Amino acid sequence: MRINTRFPVAVHMLALIELNKTQPSTSELMALSVGTNPVVIRQLMSSLKRAGLIETQNGVPGCHLAKPAAEITLREIYLAVQKKSDAPLFDFHANPNPNCPIGRNIREAMEAPLRDDQTAMEQTLETYTLKDVADHIARHL
């Protein structure tokens with residue numbers, strides 16, 4: 001079981017855009033940095049653009065941030081790339097045994113703690129910005 005990587009990849013992409021001042025931030029460049037296919041990057045770019053986090057111009061390679069990095073929270077990035085069909089941070093296993101008293105009751109017993117976990121994670125992400133991430137990376141260049 002793995003939690004999807006769209007969020008960390010999107011942060012990686014946006015940090016590259018923020019820190020890359022020497023060449024256009026193209027999907028090919030981001031794919032090289034992330035270690036993935038440019039198609040994956042373009043799909044995420046589409047989500048980030050819809051969320052108002054990046055801008056592109058027809059005929060001009062690459063993209064840029066739509067607002068200062070200090071105004072982009074990690075929560076905004078997380079919400080921008082999560083698909084409606086995604087499970088929350090934690091999801092329930094599909095087939096607990098309904099004949100077992102634990103299997104029959106585990107979902108209800110875990111709903112509140114997992115909902116609270118999701119809320120806490122999103123609240124924490126709201127306290128960090130893309131600038132925080134970019135500054136940390138810049139200190140290690």
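Everything numeric in this text was worked out from a predicted model, so none of it was measured.

Caption draft 1: Region of the structure containing the overall build of the protein chain. Looking only at helices and strands, the protein chain features 6 helices and 2 strands. Ordered by position in the sequence, the α and β elements of the protein chain form the string α-α-α-β-β-α-α-α. In terms of overall dimensions, the protein chain is more spread out than a globule: its C-alpha atoms have a radius of gyration of 18 Å, far above the 14 Å expected for 141 residues. In terms of overall dimensions, the protein chain has a C-alpha envelope of 60 × 30 × 25 Å along the principal axes. Across the 141 residues that make up the protein chain, the buried fraction comes to 33%. Taking all contacts inside the protein chain whose residues are at least 6 apart in sequence as the whole, residues at least 24 apart take part in 61%.

Caption draft 2: Representation of the side chain of Gln118. Structurally, Gln118 can be placed in helix H5 (residues 101-126). A relative accessible area of 13% means that Gln118 is categorised as buried.

Caption draft 3: View of the layout of surface pockets. Its volume calculated, the second largest pocket comes out at about 160 Å³. In terms of lining residues, the second largest pocket is bounded by Thr5, Arg6, Val9, Thr36, Val40, Gln43, Leu44, Ser47, Val81 and Lys83. Elements with a contribution of two residues or more to the lining of the second largest pocket: helix H1 (6-19) and helix H3 (38-50). Here the residues of the lining of the second largest pocket sort into 4 nonpolar, 4 polar and 2 charged.

Caption draft 4: Quick peek at the pattern of salt bridges. Tallied over the full model, the rule gives 4 salt bridges. Across the pair Glu122 and Arg75 runs a salt bridge, and its minimum N-O distance is 3.3 Å. With Glu122 in helix H5 and Arg75 in helix H4 (residues 74-81), this pair connects stretches of sequence that are 47 residues apart. Overall, the relative accessible area of 16% leaves Glu122 in the buried class.

Caption draft 5: Geometry of the confidence of the model for the protein chain. Looking at the protein chain as a whole, its pLDDT mean stands at 92, while 94% of the residues score no less than 70. The element-level mean pLDDT for the protein chain is lowest in H5, coming to 93, with helix H6 (residues 130-139) highest at 98.

Caption draft 6: Quick look at the nonpolar core. Formed by 30 residues in total, the largest nonpolar core has its most connected members in Leu48 and Ile77. Listing elements by their share of this core, those giving two or more residues are H1, helix H2 (27-34), H3, strand S2 (60-65), H4 and H5. Aside from chain neighbours lying at most four places away, what touches Ile77 is Phe7, Ala10, Val11, Leu14, Leu48, Leu53 and Ile72.

Caption draft 7: Local environment of the packing of aromatic side chains. Applying the stated criterion across every chain yields a total of 1 aromatic pair. Aromatic pair Phe7 and Tyr78: ring centres 5.6 Å apart, planes at 90°, arrangement edge-to-face. Taken together, the positions of Phe7 in helix H1 and Tyr78 in helix H4 put the pair 71 residues apart, joining distant regions of the chain. For the pair Phe7 and Tyr78, one class covers both residues: buried.

Caption draft 8: View of the pairing of S2. By the bridge criterion, 4 bridges tie strand S1 (residues 54-57) to S2 in an arrangement that is antiparallel. Counterpart to Gln57 in the pairing with S2 is Val60. Between S1 and the antiparallel strand that follows it, S2, lie 2 residues; Gly59 among them carries a positive phi value of about 80°.

About the thresholds
- Residues numbered from 1 in each chain as written.
- Predicted model: local features only at pLDDT ≥ 70, side-chain atom pairs only at ≥ 80, totals over all residues.
- Heavy atoms only, no water.
- Helix = DSSP H or I, 4+ residues; strand = E, 2+ residues; numbered from the N terminus.
- Rg over C-alpha atoms; globule rule 2.2 N^0.38 Å.
- Buried < 20%, exposed > 50% of the residue type's maximum accessible area, 1.4 Å probe, protein only.
- Contact = heavy atoms within 4.5 Å.
- 1 Å grid on protein atoms, 1.4 Å probe; cavity = no way out; pocket = protein on both sides within 12 Å on 5 of 7 lines; lining within 4 Å.
- Points joined across faces, edges and corners; volume = space filled by probe spheres on them.
- Nonpolar A, V, L, I, M, F, W, Y, C, P; charged D, E, K, R; others polar.
- Salt bridge = Lys/Arg side-chain N within 4 Å of Asp/Glu carboxyl O.
- pLDDT = per-residue confidence, 0-100.
- Core = buried A, V, L, I, M, F, W, Y, C linked by side-chain atoms within 4.5 Å.
- Phe/Tyr/Trp six-rings, centres within 6.5 Å; stacked < 30°, edge-to-face > 60°.
- Pairing = 2+ DSSP bridges.

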